[in-house]
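# Structural characterization, general
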Amino acid sequence: MVKVTYRDKSWDVKAGSTVRHVIEKAGINPESVLAVRDGKLVNEATLTEDGDVIKLIAVISGGQ
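Keep in mind the model is a prediction, meaning the values are calculated, not measured.

Quick look at the overall build of the protein now. For the protein, the helix and strand inventory stands at one helix and five strands. Starting at the N terminus and walking to the C terminus, you meet the elements of the protein as β-β-α-β-β-β. Projected onto the principal axes, the alpha-carbon positions of the protein cover approximately 40 × 20 × 20 Å. Here the protein holds 64 residues, and the buried ones make up 31% of them. When contacts within the protein are restricted to residue pairs at least 6 apart in sequence, those whose partners lie at least 24 apart make up 52%. Summed over its atoms, the accessible surface of the protein is roughly 4600 Å², and 49% of this surface lies on carbon and sulfur atoms. Treating the 9 positive side-chain charges of the protein as one cloud and the 9 negative ones as another, the clouds have centres 3 Å apart.

Here's what the structure looks like:
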């Protein structure tokens, strides 16, 4: 299983899916988050592996 965390929520998903699929299945816009595994940024095509912990971090932009 893969543990996914986003803000104050966490859930388990089956290993073998792409990071993008995991994000979309959670109902999150893939363009609004960055995925981190083992402290390193991973892209949306990365396949999840059993035992992974994926942290989703909201992208924040602003300014003028």
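The structure having been displayed, the exposition proceeds.
This paragraph deals with the pattern of salt bridges. Tallied over the entire structure, the rule returns three salt bridges. In this structure, R20 and E44 form a salt bridge, with 2.8 Å as the shortest nitrogen-oxygen distance. One end of the pair, R20, is in helix α1 (residues 19-25); the other, E44, is in the loop between β4 (40-42) and β5 (53-58), and 24 residues separate them in sequence. For D52, the salt bridge is made with R37, and the minimal N-O distance between the two is 3.1 Å.

The rules behind these values
- Numbers given for residues are sequential positions, taken from 1 along each chain in its written order.
- Local features in a predicted model are, by the rule used here, given only for residues with pLDDT of at least 70; side-chain atom pairs are given and counted only at 80 or more, and totals for whole chains, interfaces and linings are based on all residues.
- Water and hydrogen atoms were dropped before computing side-chain values, which therefore reflect all heavy atoms in the structure.
- Segments assigned H or I by DSSP are reported as helices when at least four residues long, segments assigned E as strands when at least two residues long, and all are numbered from the N terminus.
- Each residue's exposure class comes from its accessible area (1.4 Å probe, protein chains only) as a fraction of the maximum for that residue type: buried when under 20%, exposed when over 50%, partly exposed otherwise.
- Between two residues, a contact is recorded if the distance between any of their heavy atoms is within 4.5 Å.
- In this description, accessible areas are obtained by the Shrake-Rupley approach with a 1.4 Å probe, and a residue is regarded as covered only by the protein chains that are shown.
- Positive charges are assigned to Lys and Arg, negative charges to Asp and Glu, while His and the chain termini are left out of the count.
- By convention, the charge on Lys lies at NZ, on Arg at CZ, on Asp at CG and on Glu at CD.
- We define a salt bridge as a contact between a side-chain nitrogen of Lys or Arg and a carboxyl oxygen of Asp or Glu at a distance within 4 Å.

Without other data, these values stay purely geometric and don't point to any function.
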